Amino acid sequence: MTALALLLGFPLLGGLVLGLIGHRGYARDLNVAFSAATFSAACALTVKVIDDGALLAWDREFYIDALNVFLVALTAFVGLTTAIFSRPYMHIERDHGKMTLPRLRLYHSMYQLFSFTMLLALTTNNLGIVWVAMEAATLTTVLLVSVYRSAASLEAAWKYFILCGVGIAQALFGTVLLYMAAEKAIGAAGSGALLWTNLDAIKGQLDPNIIMLAFAFLFIGYGTKVGLVPVHNWLPDAHAEGPTPVSAVLSGLLLNVALYAVLRCKVLTDGALRSPLTGQLMMGFGLVSVVAAVFFIIRQKDVKRMFAYSSIEHMGMMTFAFGMGGPVANFAGLLHMTVHSLIKSGIFFAVGHATQKAGTQIMDEIRGLIRVSPTVGWGLMLGALAILGMPPFGVFASEFLIVTTAMREHAWAAPFLLMALGLAFASVFSRVQPMVFGDTTLKPLAHPPALIPVFVHLGFGLMLGLYVPPYLDGWYRQAAAMIGGGG
């Protein structure tokens, strides 16, 4: 599996190389180059899966199927565009005195290692290695969030480390329980007892009592990384105080990877229990997250914190959709994962340039972006409309499917979803509109910032609202059938 080896090898090598030379002027170009190489390997792996179907590699320790292959491609793509965005952004941060040469070396190195940990979590077949990769992702992002070394960023990093450390400890206990259940069913099999393909083959024989307890710990543990209420408190601080490229990959990628781990565990638990209990648990936490996040959004004054709470809202929508289960809801959840990753990371790109120009993240002090820089202004406005579910963007399509499925199968939840979506739209739009079109004393930028990644992301988000390519539609349908649930 050359493509898989390159997919994991490029970011790992990039982290090591940039750990040595990440302070040099050409390090930002190397960061982009390693990310581009990773994306090329992801494309090659995707073609391989399309041609040959699900792949097992390296003594069955790695497994690529319809559920994770599109997430691998999405992770590599957003990783590349974020590296392109961070190239000028972090240079400006250095000019502003926020970054020093040692901090730049740490940032470039940890960025590549962070990409490696996410891709490892997505591609491994071993649920024990999933846990290790998620823990490694926690450690790398702690260093990324704290890279400014300000009091606020250090506090945010410690909060992130403590809360996610507790959460990942819960996931470890759940993994141990899962191993116990597997060993009872298939005997002492070493690491093979934690291979997802082995567990999926005998999930009907797993002890339902142990599995239910295991899922509870795994759901709370990985749910902390997803940002579900009430274990979400790390997320707004980490987004607000860390560099904007880190906010983009946290919202656009890490939350998806954590939810992916939950889905793998849900498939096993549903097969062992043969009851809707896991779905009901996910629906409950998802709905609470959607509603609670909206009321937090209303109170925000910091633009990055506002969009961080928006991420909690959208992860709640996905969790609710996967909790409902069934072909339509699962399809909608997967589509929502994709468009949210693309659009939210694009929003953070625009926000990063806006806050750099204004010198603040307080929304009341950012005005007239359309006059300062039309590309930043339009990028932020179109991104906000897209993430709020305005047609014809892809978020509208996925939210429409989720809400209509809820109306048909769980009518009690539909009013809460509609209320939350309406309040989120009113609150975010009322804040963004004066930021873009309000009066300003700031002078227009002499040279418009390079915002190609913003409009590339928005373009893909628009396309997925109008047309889902056949191969992507096929992935979604296969993955939706694999997740199952419903009823």
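Up top you'll find the structure we're talking about.
1. Some details on a nonpolar patch on the surface
Then, in step 1: Side chains of I452, V456, F460, L462, M463, L466 and Y467 sit close together on the surface and give an oily, nonpolar patch of about 630 Å² of accessible area.
Then, in step 2: Within the secondary structure, M463 is located in helix 18 (residues 452–466).

2. Here we look at the pattern of salt bridges
Then, in step 1: Using the criterion set out here, one finds 12 salt bridges in the structure.
Then, in step 2: Here D29 makes a salt bridge to R87, at a shortest N to O gap of 2.5 Å. One end of the pair, D29, is in helix 2 (residues 27–52); the other, R87, is in helix 3 (residues 66–95), and 58 residues separate them in sequence.
Then, in step 3: Judged by its relative accessible area of 35%, D29 is partly exposed.
Then, in step 4: According to the relative accessible area criterion, R87 is partly exposed, its value standing at 32%.
Then, in step 5: Salt-bridge contacts for D52 lead to K48; the nearest nitrogen and oxygen are separated by 3.0 Å.

3. Quick word on the nonpolar core
Then, in step 1: Grouped together as the largest cluster of nonpolar side chains are 154 residues, with contacts concentrated most on Y222, F307, F322, L334, L380 and V432.
Then, in step 2: It is helix 10 (residues 244–273) that provides the largest number of residues to this core, a total of 19 residues.
Then, in step 3: Aside from chain neighbours lying at most four places away, what touches L380 is F307, I347, A350, V351, L369, V432, M435 and V436.
Then, in step 4: A329, A406, L417 and L421 belong to the second-largest nonpolar core, a separate cluster that totals 18 residues.

4. Focus: helix 19 (residues 470–483)
Then, in step 1: If you check helix 19, its first and last C-alpha atoms are 20 Å apart, about what 14 residues at 1.5 Å a residue would give, namely 20 Å.
Then, in step 2: Of the residues making up helix 19, those classed as buried are L472, D473, W475, Y476, A479, A480 and I483. The buried side chains of helix 19 occupy one side of the element, clustering within an arc of 155° when seen end-on. Exposed and oriented more than 90 degrees from the buried face of helix 19 are P470, Y471, R477 and A481.
Then, in step 3: Structurally, helix 19 contributes buried residues whose contacts are with helix 2, helix 3, helix 10, helix 12 (303–324), helix 13 (327–358) and helix 18.

5. Observations regarding the packing of aromatic side chains
Then, in step 1: A complete count under the given rule lists 19 aromatic pairs for this structure.
Then, in step 2: Here F331 and Y476 contribute two aromatic rings whose centre-to-centre distance is 5.4 Å and whose plane-to-plane angle is 80°, an arrangement assigned as edge-to-face. Pair noted here: F331 is in helix 13 and Y476 is in helix 19, with a separation of 145 residues, a long-range link. Here F331 and Y476 have matching classes, each one buried.
Then, in step 3: The interplanar angle of 75° and the centroid separation of 5.9 Å between the aromatic rings of Y471 and W475 together place this pair among those described as edge-to-face. Of this pair, Y471 and W475 both sit in helix 19, separated by 4 residues, roughly a single helical turn.
Then, in step 4: Using a relative accessible area of 52% as the deciding quantity, one classes Y471 as exposed.

6. Structural notes on the environment of V246
Then, in step 1: Summarising the element assignment, V246 is placed in helix 10.
Then, in step 2: Along the chain, V246 and V231 lie 15 residues apart, while their C-alpha atoms are 20 Å from each other.

7. Side note on unusual backbone geometry
Then, in step 1: Cis geometry marks the peptide bond from V229 to P230; its omega dihedral reads 10°.
Then, in step 2: Locating P230 in the fold gives a position in the loop between helix 8 (208–226) and helix 9 (234–241).
Then, in step 3: Following P391, the chain continues into P392 via a peptide bond in cis, with omega recorded as 5°.
Then, in step 4: Looking at the secondary structure, you find P392 in the loop between helix 15 (374–387) and helix 16 (394–409).
Then, in step 5: Of note, R60 is a non-glycine position whose phi angle comes to about 65°, a positive value.
Then, in step 6: Structurally, R60 is set in the loop between strand 1 (55–57) and strand 2 (62–64).
Then, in step 7: R60 gets classed as partly exposed once you look at its relative accessible area, which sits at 41%.
Then, in step 8: Although it is not a glycine, R149 adopts a positive phi angle of roughly 65°.
Then, in step 9: Considering the arrangement of structural elements, one finds R149 in the loop between helix 5 (127–145) and helix 6 (151–186).

8. Focus: the side chain of Q112
Then, in step 1: Positionally, Q112 belongs in helix 4 (residues 101–123).
Then, in step 2: The exposure class assigned to Q112 is buried, which follows from its relative accessible area of 1%.
Then, in step 3: If we ignore the near neighbours within four places in the chain, the residues touching Q112 are F10, P11, G14, G15, L18, N31, F34 and S35.

9. Brief notes about helix 13
Then, in step 1: If you check helix 13, its first and last C-alpha atoms are 46 Å apart, about what 32 residues at 1.5 Å a residue would give, namely 46 Å.
Then, in step 2: Burial of helix 13 is extensive: 28 of the 32 residues sit out of reach of the surface.
Then, in step 3: Of the residues one or two after helix 13, G359 is the one with positive phi, at around 75°.

10. Looking at the environment of F437
Then, in step 1: Inspection of the secondary structure puts F437 in helix 17 (residues 414–437).
Then, in step 2: Residue classification places F437 among the partly exposed residues on the basis of a relative accessible area of 35%.
Then, in step 3: When the C-alpha positions of F437 and A121 are compared, they lie 42 Å apart, and in sequence the two are 316 residues distant.

11. A look at the packing of helix 5 against helix 10
Then, in step 1: Between helix 5 and helix 10, whose axes approach to 12 Å, the crossing angle comes to 160°. By the angle between their directions, the pair helix 5 and helix 10 is classed as roughly antiparallel. Read as a crossing pair, helix 5 and helix 10 show a hand that is left-handed. Contacts between helix 5 and helix 10 involve L127, V130, M134, A137, T141, L144 and V145 on the former and, on the latter, V246, L250, L254, V257, A258, A261 and L268.
Then, in step 2: For the contact of helix 5 with helix 10, the residue count by class is 13 nonpolar, 1 polar and no charged.

Criteria and cut-off values
Residues numbered from 1 in each chain as written. Predicted model: local features only at pLDDT ≥ 70, side-chain atom pairs only at ≥ 80, totals over all residues. Heavy atoms only, no water. Patch = residues over 30% accessible without salt bridge, like charges linked within 9 Å, V, L, I, M, F, W, Y side chains within 5 Å. Areas by Shrake-Rupley, 256 points an atom, 1.4 Å probe, with all protein chains shown as cover. Salt bridge = Lys/Arg side-chain N within 4 Å of Asp/Glu carboxyl O. Helix = DSSP H or I, 4+ residues; strand = E, 2+ residues; numbered from the N terminus. Buried < 20%, exposed > 50% of the residue type's maximum accessible area, 1.4 Å probe, protein only. Core = buried A, V, L, I, M, F, W, Y, C linked by side-chain atoms within 4.5 Å. Contact = heavy atoms within 4.5 Å. Expected span 1.5 Å × (residues − 1). Arc of directions from axis to C-beta. Phe/Tyr/Trp six-rings, centres within 6.5 Å; stacked < 30°, edge-to-face > 60°. Axes fitted to C-alpha atoms, helices over the stretch in contact; angles between N-to-C directions. Parallel < 35°, antiparallel > 145°, perpendicular 65-115°, else oblique. Left-handed = near helix turned anticlockwise from the far one by under 90°. Nonpolar A, V, L, I, M, F, W, Y, C, P; charged D, E, K, R; others polar.

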